[in-house]
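Single-letter residue listing:
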Amino acid sequence: MAQLYILFEHASGFGLFRVTEFEEVGAFLPQVEEAVNDSSKFHSIVRLVGFKPFTSAASALENINAISEGILTSELSAFLETNLPAVGKNSKVLLGVADVKLAAAINEALSLSVTHVGVVPEIIRGIRQHLSSYVKGLSPASMRQTELGLGHSYSRGKVKFNVNRADNMIIQSINILDQLDKDINTFAMRMKEWYSYHFPELGKIVTDNYQYSLCADAIKDRKTLSEASLEKLEEIVMDPAKAQAILDASRMSMGMDISPIDLMNIERFAKRVISLSAYRKQLAEYLKNKMSMVAPNLAVLIGEVVGARLISHSGSLTNLAKYPASTVQILGAEKALFRAIKTRSNTPKYGLIYHASFIARAGLANKGRISRYLANKCSIASRIDCFSEHLTSVYGEKLKEQVEERLKFYESGDIPRKNVEVMAEALSEHNEALSRAQLNAKKRKREEMANGDEEGLGEGESEESPKKKKKKKKKKKAGDEEGANAVEDVATAEAVVAEEPEDLNGTTEESVKKKKKKKKSLQPDEGQDVNGSQEQETAEEPVPADGEDAPKKKKKKKKSLLPDEVNLNGSQEQEPVEEPAQVDDEGTTPKKKKKKKSLPLEEEAMETSFTVNGGEAADQQESPKKKKKKKNREGSIGAVP
């Protein structure tokens with residue numbers, strides 16, 4: 001008799017258990033189930049052989065993913081080879097597992113007899129219940145934590161790496177669209193029946209469900225209809241004759257009167273039908289955009305709705321691409337196919353692709369042919385959409401042209417183009433579209449780079465411009481300060497001259513001394529300011545080249561110095577007129593003469609002021625050298641009275 005071993009997979013690791021005896025016949029009796037729930041009895045029947053814990057959460061997730069797909073990992077294979085006894089002639093080993101795919105993989109890899117039926121599920125249930133008592137250090141709380149963490153990571157990985165995650169949106173939207181069509185139809189029929197008690201003639205005039213709901217919401221009580229409401233009815237029905245017919249029917253209607261409460265409920269129900277119809281339109285637009293992104297060639301070939309129904313029925317775009325053309329042809333007519341096989345009657349010619357416009361346009365004798373041809377082209381389009389890297393609708397347009405040509409061939413006998421020629425044209429157009437897309441992408445990158453560089457340069461210029469402005473402001477401030485100092489000096493000198501008395505003989509010695517002290521304190525500052533300003537101006541002026549005229553700014557600067565000199569010479573009655581600057585033949589003006597002329601004028605001004613204020617008091621405080629110079633000059637010029 002074969003020895004039974006049980007492989008148990010848990011979030012914490014792999015476990016191998018040996019079963020001593022277990023009654024298969026009475027496994028599902030209440031007494032046996034109670035024995036499984038009892039820990040001591042179960043331990044006597046099932047014993048632990050080995051347990052291999054997972055080293056990390058990543059390895060646990062990897063092993064569980066492999067087991068769910070029916071793949072035998074290297075870790076599990078090594079664990080089984082280590083703990084299972086060697087198979088001989090006398091000893092036989094039977095391994096029980098929970099998954100059918102895993103059983104087939106172990107049987108193929110290790111050449112073991114594996115089962116998943118019989119008493120195996122019941123024993124696995126007992127092991128799951130008493131696992132914490134078998135493995136030391138594994139508490140029920142830690143088991144729950146590891147199971148929860150592995151379950152979350154497993155589900156997250158399945159959702160994240162789902163190949164059909166783009167197809168799922170199409171499947172859900174087409175299912176909701178079909179359900180909405182049924183619901184809107186049911187609700188509209190119920191509303192027509194309800195509102196017909198009050199206005200039965202409206203249902204014969206307006207047959208569309210959506211327009212009927214709008215009319216019921218607009219009319220409400222038929223007795224309130226008048227000529228003023230014709231425009232509103234025309235907007236809803238889009239036919240003035242129908243609007244007039246509604247108005248005439250409301251005047252001669254045989255419907256009963258309705259209470260305001262019932263009318264309010266009918267109005268609410270009509271608004272609900274209108275909102276559902278509007279949502280149905282939005283959902284249809286969403287499905288169209290989604291199909292153009294996921295399966296553009298299939299959508300162009302047979303339409304968005306039929307293509308979405310094919311994807312939904314097959315489960316995903318990948319499954320549809322794997323189907324042969326014969327399966328695509330009868331997809332959706334499985335019941336009719338099996339019924340025909342059972343009764344040995346004719347098999348169906350088409351399934352969901354019957355709703356495509358090509359089959360409706362074909363003749364009765366050619367419907368089977370065109371459905372077979374269309375199924376062939378649909379399988380090609382689905383494979384292109386599923387496995388191509390760059391999705392375009394070029395192939396779908398060419399395949400549609402081929403179906404059109406086939407229809408003409410069935411009707412008129414015009415020979416269509418060969419498939420090789422059409423596919424070569426589609427391939428060339430596809431390559432051209434790719435090259436254009438690549439060029440556009442490069443242009444966008446260049447424009448983005450150029451915009452980025454311009455922004456960087458603009459920022460740099462904006463940073464440099466404030467620095468330049470700051471320098472200019474500093475220069476202006478320095479010039480303003482110098483000008484202000486010069487103006488203050490000149491103003492003080494004028495004030496001193498103005499304070500001099502008119503009668504020169506009546507002045508006392510004390511007043512003369514005070515005035516002399518003030519003038520002495522002002523004279524060196526004034527001389528320094530005037531001379532310093534002249535020297536700075538001459539240093540800043542560029543030297544003109546040969547053959548060029550002297551700049552006109554020099555004359556202006558010289559003229560600006562004249563008021564200062566006049567203010568200093570307060571004792572003179574007439575302003576000294578400056579002689580024009582002598583210009584050489586080459587057009588240059590000499591600079592040395594200016595300095596020589598400016599100095600004598602200052603000295604004369606100082607001497608005249610001293611002589612006016614009284615020479616005797618000044619001679620007592622001045623040095624003997626200056627006295628001698630003054631005597632010589634007075635002798636030459638003449639004594640002041």
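Residues numbered from 1 in each chain as written. Predicted model: local features only at pLDDT ≥ 70, side-chain atom pairs only at ≥ 80, totals over all residues. Heavy atoms only, no water.

J.: I'd like a rundown of the sheet that holds strand 3 (residues 46–53), residues and numbers included.
T.: Across the sheet, which stays open at both edges, the five strands sit in the order 3-2-1-4-5 with mixed pairing between neighbours. Looking at strand neighbours, the two that pair on one side only are strand 3 and strand 5 (113–115), the edges of this open sheet. The sheet shows a mean angle of 25 degrees between the axes of neighbouring strands, taken without regard to direction. Pairing of strand 2 (residues 13–19) with strand 3, which is carried by seven bridges, proceeds in the antiparallel orientation. Among the inter-strand pairings, Phe14 is bridged to a residue of strand 3, identified as Lys52. (Pairing = 2+ DSSP bridges. Helix = DSSP H or I, 4+ residues; strand = E, 2+ residues; numbered from the N terminus. Axes fitted to C-alpha atoms, helices over the stretch in contact; angles between N-to-C directions.)

J.: Before we move on, can you summarise unusual backbone geometry with the specific residues and values?
T.: One non-glycine residue, Lys220, adopts positive backbone phi at about 60 degrees. Secondary-structure assignment places Lys220 in the loop between helix 11 (209–219) and helix 12 (230–237). With phi around 55 degrees, Arg344 is a residue other than glycine that occupies positive phi space.

J.: A description of a nonpolar patch on the surface should follow, citing residues and the corresponding values.
T.: Taken together, Trp194, Tyr197 and Met256 make up a surface patch of nonpolar side chains, about 330 Å² in accessible area. Note on Trp194: relative accessible area 33%, which makes it partly exposed. (Patch = residues over 30% accessible without salt bridge, like charges linked within 9 Å, V, L, I, M, F, W, Y side chains within 5 Å. Areas by Shrake-Rupley, 256 points an atom, 1.4 Å probe, with all protein chains shown as cover. Salt bridge = Lys/Arg side-chain N within 4 Å of Asp/Glu carboxyl O. Buried < 20%, exposed > 50% of the residue type's maximum accessible area, 1.4 Å probe, protein only.)

J.: Which residues make up the environment of Ser314, and what values do they have?
T.: Take Ser314: it is sitting in helix 16 (residues 304–314). Separated by 18 residues in the primary sequence, Ser314 and Gly332 place their C-alpha atoms 9.1 Å from one another. Beyond its immediate sequence surroundings of up to four residues, Ser314 is in contact with Asn319, Leu320, Tyr323 and Leu331. (Contact = heavy atoms within 4.5 Å.)

J.: Quick one: what's the story with the packing of aromatic side chains, residue by residue and with numbers?
T.: Two aromatic rings are characterised by how far apart their centres lie and by the angle between their planes. For the structure on display, the rule yields eight aromatic pairs. Ring geometry for Phe14 versus Phe54: centroids 5.1 Å apart, planes at 75 degrees, classification edge-to-face. In this pair, Phe14 sits in strand 2 while Phe54 sits in the loop between strand 3 and helix 3 (57–68), placing the two residues 40 residues apart along the sequence. For the pair Phe14 and Phe54, a shared accessibility class is recorded, and that class is buried. Ring centres of Tyr195 and Tyr212 lie 6.4 Å apart, and the angle between their planes is 85 degrees; this geometry places the pair in the edge-to-face category. In this pair, Tyr195 sits in helix 9 (residues 165–195) while Tyr212 sits in helix 11, placing the two residues 17 residues apart along the sequence. (Phe/Tyr/Trp six-rings, centres within 6.5 Å; stacked < 30°, edge-to-face > 60°.)

J.: Explain the confidence of the model for the protein chain to me, and be specific about the residues and the numbers.
T.: Residue-level pLDDT values for the protein chain average 76, and 67% of them are 70 or greater. Below a pLDDT of 50 lies the segment residues 466–473, which in the model reaches one contact outside its immediate sequence neighbourhood of four places, other chains included. Note on residues 636–641: pLDDT is under 50 here. Beyond four places in sequence and across chains, it has four contacts. (pLDDT = per-residue confidence, 0-100.)

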